[in-house]
Amino acid sequence: MHRTLVLGALVALAAAAFGACSSEAETARIGFSSSAIVAWNSHGEANRLRIGESLSLESVLAGSLEANTRYNVRVSLRGGQTLVEAHLMSDNHGQFPVQTIMHDVGEFDDVQEGSTLDITVESPSGSTIAGAVKVDTHDRLAGAGWSVNEAVPPHVFATDASGAPQNAFAVGAATLAQGEVGGELHVAGDRFPADATFDLYVVRDADVWVGKRIPQHGDADWIAGPIVARSDANGRLQATKTGFVPGREHIGIYDVLVDLDRNGTFDWSFTHKDGADGEQKVGFTIQYSQNWFKERTSKHILVNLAYDSASRDAGAWRNDFQVGEKVFTYVNPPVVHQYHARATKWVVKHQDWATYWNSQDTAANVGGAAGYGRRPIEPIAVNNVTFKPQNGCTNSPPLITFNAEVGTYDMVLDFDGDGHYDIGRDILDIWSGDSQGSLIDPALVDAAPAAQRVGFTVR
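Residues numbered from 1 in each chain as written. Predicted model: local features only at pLDDT ≥ 70, side-chain atom pairs only at ≥ 80, totals over all residues. Heavy atoms only, no water.

### With respect to the side chain of Ser 90
To be explicit about the condition: Secondary structure follows DSSP: runs of H or I at least 4 residues long count as helices, runs of E at least 2 residues long count as strands, and numbering of each begins at the N terminus. For the purposes of these results, a polar contact is taken to be a pair of N or O atoms within 3.5 Å, where, inside protein, one atom must be able to donate a hydrogen and its partner to accept one; residues adjacent in sequence count only when each atom of the pair is a side-chain atom. The contact definition used throughout considers only heavy atoms, calling two residues in contact when any of these lie within 4.5 Å.
Mapped onto the elements, Ser 90 comes out in the loop between strand E5 (82–89) and strand E6 (99–102). Reaching out from Ser 90, the side chain makes a polar contact with the backbone oxygen of Glu 66 at a distance of 2.5 Å. Polar side-chain contacts of Ser 90 include one of 2.9 Å to the backbone nitrogen of Thr 69. Filtering out sequence-adjacent residues up to four positions away, Ser 90 remains in contact with Glu 66, Ala 67, Asn 68, Thr 69, Tyr 71, Gln 95, Phe 96 and Asn 403.

So, in structure tokens, the structure goes:
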């Protein structure tokens, strides 16, 4: 079966009402059709996608999809390569919420302005929903005796000193591993007004900035800024120093904001748009270097993975769920071994920390050093979804992985998709304490009672 994916197009009249004739932000979700799937960009606009933004999908009609089913999603550049192959899990009502499947469009691939991305969503039974979205910068509205150009938001991104886009900076070691980037954060971009002066900010990550006050010096989420910057005659911002040099104390996720009119607010209307490297996605991450990690006695990477929302602003890592709730998996790993590696999120039946995950018995191991290396996942698996992390880092968007059923469970983020938990490379959730998304000391798990050494529980 093949159906058309109508990507929620915005009609000109509706767009004008939200922009040129009104001060109201044009991020309202309008233009729903009777289709099962709607595509959104980073700013919540249907059927819109610009260079540097993220692409998300949402099913909007209960029962329009098969319930509790893992769908295959593919995004391809028309006439070119496949950009994303991933899974989205429907809930028990045959829907899934807004979930991000593609980051940084055009920054690390061959997508250009004017490119068309073909999207297919296929069920295990072979039912396929297909559609497309075109990468553009703005619409031009025209009527009898008038025309107006929509404001084009600046495209801004974190870089190294050379101006190359970077999504991850490594810290914690005197010498960084090959491929890792350190040193001062720089910012570059394009699509700015020509010869314009504006302010740049580095702030702690948030999903949504539209309409919000930009954090200032002294605020908890402020890192640097306002940094006065200027575009050239072609509207380009060359690599600009921010004065922010990431260190071990900065492990976490961050955004870069552009305040074009320098009013301290992130504006987004039809006639004025500020810019962000981070709207509905992570701008850049700061993670421990691989060389820092090699110095640790225990090689386990233990992080809470069970999450309760598709929104990073509204959600939380949880250890207890009720039957029927949607269990998401979300992580920004504090340590990374391979950037942008295809990964699989596994929900598995709970296994004992001492006798399975951390067992020194050679019988528990599959390959690797004697008694310490790999643990089989597939024999204990409940469900899994595969995805591709954000380019240049291993930040994972929240994705539904499991529709909760009574039991106790652990989670594994498998970076090579080999069906095994590889100690020191993959990530394990075996902890029922409140550690948010930070690294958990294995010695803490060793000393904890067995009841706390569980990924999550469904009651």
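Next comes the rest of the account.
### Topic: the sheet that holds strand E11 (residues 155–159)
The cut-off we apply is this: Strands were regarded as paired on the criterion that DSSP finds at least two bridges between them. An axis is simply a line fitted to the C-alpha atoms; with a helix, the fit covers only the stretch in contact. Between two such axes, the angle follows the N-to-C directions and lies from 0 to 180 degrees.
Here we have 3 strands laid out as an open sheet, ordered E11-E13-E16, and antiparallel in their pairing. Two strands in the sheet have a free side with no partner beyond their single neighbour: E11 and strand E16 (237–241). Taking the axes of each pair of neighbouring strands and ignoring which way they run, one obtains an average angle of 20 degrees across the sheet. Where E11 lies against strand E13 (residues 186–190), 5 bridges are found, and the strand directions are antiparallel. Counted as the bridge partner of Thr 159 is His 186 from E13.

### Concerning the confidence of the model for the protein
Keep this limit in mind: Think of pLDDT as the predictor's per-residue confidence, scored from 0 to 100.
On average, residues of the protein score 83 in pLDDT, and 85% of them are at 70 or above. Element-level mean pLDDT values for the protein span from 25 in helix H1 (residues 12–18) up to 98 in strand E14 (residues 197–204). Counting contacts from residues 4–34, a segment whose pLDDT is below 50, to residues more than four positions away or on other chains yields 65 contacts.

### Here we look at the sheet that holds strand E23 (residues 326–331)
Taken in spatial order, the 3 strands line up as E21-E23-E28 in an open sheet, and their pairing is antiparallel. Among the strands making up the open sheet, the edge pair consists of strand E21 (306–307) and strand E28 (396–403). Strand direction decides the pairing type here: E23 and E28, joined by 5 bridges, are antiparallel. Opposite Thr 329, over in E28, you have Leu 399 as the bridge partner.

### So, the packing of aromatic side chains
Threshold: Centres within 6.5 Å make a pair out of two Phe, Tyr or Trp rings, where for Trp the six-membered ring is used; the pair is then stacked when the planes are under 30 degrees apart, edge-to-face when over 60, and tilted otherwise. Burial classes follow relative accessibility: with a 1.4 Å probe on protein chains only, a residue under 20% of its type's maximum area counts as buried, one over 50% as exposed, and anything between as partly exposed. To sit over a ring, a charge needs its Lys NZ or Arg CZ within 6 Å of the ring centre and within 35 degrees of the ring normal.
Taken as a whole, this structure holds 14 aromatic pairs when the rule is applied. Their ring planes at 70 degrees and their centres at 5.1 Å tell us that Tyr 307 and Trp 317 sit as a pair that is edge-to-face. Of this pair, Tyr 307 sits in strand E21 while Trp 317 sits in the loop between E21 and strand E22 (320–321), and the two are 10 residues apart along the sequence. Given the relative accessible area of 1%, Tyr 307 is considered buried. Ring geometry for Tyr 356 and Trp 357: centres 5.0 Å apart, planes at 85 degrees, overall edge-to-face. A relative accessible area of 0% places Trp 357 in the buried class. In textbook terms, an aromatic cluster arises when at least three aromatic residues are bridged by ring pairs, as seen for Phe 169, Phe 244, Tyr 254 and Phe 284. Just above the ring of Trp 209 sits the side chain of Lys 212; from NZ or CZ to the centre is 6.0 Å.

### Concerning the nonpolar core
Our working definition: Only buried residues count toward a nonpolar core, which is a set of Ala, Val, Leu, Ile, Met, Phe, Trp, Tyr and Cys residues joined through side-chain atoms within 4.5 Å.
If you look at the biggest cluster of nonpolar residues, it comprises 59 residues, and the most contacted ones within it are Leu 57, Met 102, Leu 117 and Phe 456. In terms of residue count, E5 provides more of this core than any other element does, 5 residues in total. The contact partners of Met 102, leaving out residues within four places of it in the chain, are Ser 54, Leu 55, Val 75, Leu 83, Val 84, Asp 109 and Leu 117. Counting residues in each nonpolar core, the second largest holds 24 residues, with Val 171, Ala 196, Leu 237 and Phe 284 among its members.

### Observations regarding the pattern of salt bridges
Here is the rule we go by: Whenever Lys or Arg places a side-chain nitrogen within 4 Å of a carboxyl oxygen from Asp or Glu, that contact is recorded as a salt bridge.
For the coordinates displayed, the defined rule picks out 17 salt bridges. In this structure, Glu 113 and Arg 191 form a salt bridge, with 3.9 Å as the shortest nitrogen-oxygen distance. Residue Glu 113 is located in the loop between E6 and strand E7 (116–122), and its partner Arg 191 is located in the loop between E13 and E14; the two are separated by 78 residues in the primary sequence. Here Arg 191 falls in the buried class, since its relative accessible area comes to 17%. A salt bridge links Asp 219 to Arg 213; the nearest nitrogen and oxygen atoms lie 2.8 Å apart. Because the salt bridges share partners, they merge into one network encompassing Arg 374, Asp 418, Asp 422 and Arg 425.

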